[in-house]
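A structural walkthrough
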Amino acid sequence: MEILFLAKKVITFFVEPLGLILTLSFIGLYFLYNSVYTKAKVFLSASILLLFIFSYPPVSNSLIKQLENTHQKYDYINNNIEYIHVLGSGHYDNPKWPLSSQISSTSLKRTMEGISIFKKINKPNLKLIFTGFPGFGNQISNAEINAKIARIANISDNNLIINGNPKDTHEEAIFAKSIIGDKPFILVTSVSHMTRAIELFTNMGMNPIAAPTEFKKSKKIEWLSAPSIGSIKKSKNIIHEFLGRIWAFIQLNKN
């Protein structure tokens, strides 16, 4: 299972923008150094064209708009809710850094949204679930890092359920199913990830209520925009979610 997980990560890197552009560039350079100029031109031109496409704001904004328009923010109170599940993301645990520097922007936004909803519902028996494994090079799990933020917000350990074992959304859903069953619950994740997450949880017979966060699209698409690093990150998110849905489909049909 560990080998399969690593294989998925490796394949994902080479298909997502940065890995794909680097791969095409290296192939182009290989042909260039071997004096195969026609093929070198094709691969180097393709890498430059993809770099422009992935970094051009109107392209990335138009694509991510399709994901972000599917779900609206959670802005009502359901007193029948017993669980809020915050999905994990990245971090880097370093005791020399403050906690605010160890947690990723994505993790922080998901955690803060979960905390905000928890405070609004304000029920003594409400449980806040954090999942997410340590990741490469870390000793502390992402679930525990996120839970530390919840403790700072004065949420008691009695209201926290922490599991640092799940390595992806599929495993997070399996764990949540063992606790929540088919009861309605609030699912907190990035809006670009929400569609895939809802599908995974629903396919397991669960009843998630979407509470998306980390909206990224700009309010207005400016066609005369310069390429940017932010647009490459958006493109990466789009392709990552597309690949994730393919992987989820494979896992569903395999089982």
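Heads up: the structure comes first, above all this text.
One structure accompanies this document, and this report is about it. (Residues numbered from 1 in each chain as written. Predicted model: local features only at pLDDT ≥ 70, side-chain atom pairs only at ≥ 80, totals over all residues. Heavy atoms only, no water.)

**Section: the overall build of the protein chain**
Which entries qualify depends on this criterion: Secondary structure elements follow DSSP: runs of H or I of four or more residues count as helices, runs of E of two or more count as strands, with numbering from the N terminus. The buried label applies to any residue whose accessible area, calculated with a 1.4 Å probe on protein chains only, is under 20% of its type's maximum; exposed applies above 50%, and partly exposed to all values in between. The contact definition used throughout considers only heavy atoms, calling two residues in contact when any of these lie within 4.5 Å. We get accessible surface area from the Shrake-Rupley algorithm with a probe of 1.4 Å; when it comes to residues, only the shown protein chains can shield them. Under the convention used here, Asp and Glu are negative, Lys and Arg are positive, and both His and the chain ends fall outside the count. A charge is said to be at NZ when it belongs to Lys, at CZ for Arg, at CG for Asp and at CD for Glu.
A count of helices and strands for the protein chain gives ten helices and five strands. Structurally, the protein chain occupies a C-alpha span of about 70 × 45 × 45 Å along its principal axes. The buried share of the protein chain, reckoned over its 255 residues, is 44%. The long-range share in the protein chain, meaning contacts at least 24 apart out of those at least 6 apart in sequence, stands at 73%. Accessible surface, the protein chain: about 13800 Å² in total, of which carbon and sulfur atoms supply 62%. Of the side chains in the protein chain, 28 bear a positive and 17 a negative charge, and the two mean positions are spaced by 5 Å.

**Side note on the nonpolar core**
How we decide: Nonpolar cores are built from buried Ala, Val, Leu, Ile, Met, Phe, Trp, Tyr and Cys residues. Side-chain atoms within 4.5 Å join them into one set.
Core analysis: the biggest nonpolar cluster contains 24 residues, and Ile 84, Ile 117, Leu 128, Phe 130 and Ile 186 have the highest contact counts within it. The element best represented in this core is helix H7 (residues 142-152), accounting for five residues. Aside from chain neighbours lying at most four places away, what touches Ile 186 is Tyr 74, Ile 81, Tyr 83, Ile 84, His 85, Ile 117, Ile 121, Ile 209 and Ala 211. In this structure, Ala 173, Phe 175, Leu 187 and Met 206 belong to the second largest nonpolar core, which totals 15 residues.

**What to know about the packing of helix H8 (residues 169-180) against helix H9 (residues 191-203)**
What counts is decided by this rule: Between the N-to-C directions of two axes lies an angle of 0 to 180 degrees, each axis being a line fitted to C-alpha atoms and, for a helix, fitted only over the stretch in contact. Angular relationships are summarised with four words: roughly parallel below 35 degrees, roughly antiparallel beyond 145, roughly perpendicular across 65 to 115, and oblique for the angles in between. Handedness of a helix crossing follows the sense of rotation of the near helix relative to the far helix, less than a right angle counterclockwise being left-handed and clockwise being right-handed.
Put simply, H8 and H9 touch, their axes get as near as 9 Å, and they point 45° apart. Relative to H9, the element H8 lies oblique. Crossing of H8 against H9: the hand is right-handed. Across the interface between the two elements, Thr 169, His 170, Glu 172, Ala 173 and Ala 176 from H8 touch His 193, Arg 196, Ala 197, Leu 200 and Phe 201 from H9.

**Here's the deal with the packing of aromatic side chains**
Rule in force here: Whether two aromatic rings pair depends on their centres lying within 6.5 Å, for rings of Phe, Tyr and Trp, where Trp uses its six-membered ring; planes under 30 degrees apart make the pair stacked, over 60 edge-to-face, and the rest tilted.
Throughout the structure, instances matching the rule amount to five aromatic pairs. Aromatic side chains Phe 185 and Phe 201 sit 5.7 Å apart centroid to centroid with 50° between the ring planes, which places their arrangement in the tilted category. Taken together, the positions of Phe 185 in strand S4 (residues 184-190) and Phe 201 in helix H9 put the pair 16 residues apart, joining distant regions of the chain. You'll find Phe 185 and Phe 201 in the same group, each marked buried. Aromatic rings pair up to connect Tyr 30, Phe 31 and Phe 43 into one cluster.

**Some thoughts on helix H4 (residues 57-68)**
Under the convention used in this document: By this rule, a helix spans an expected 1.5 Å times one less than how many residues it contains.
With twelve residues, H4 extends 15 Å from end C-alpha to end C-alpha; this agrees with the ideal 16 Å at 1.5 Å per step. Within H4, burial applies to Pro 57, Pro 58, Ser 60, Asn 61, Ile 64, Leu 67 and Glu 68.

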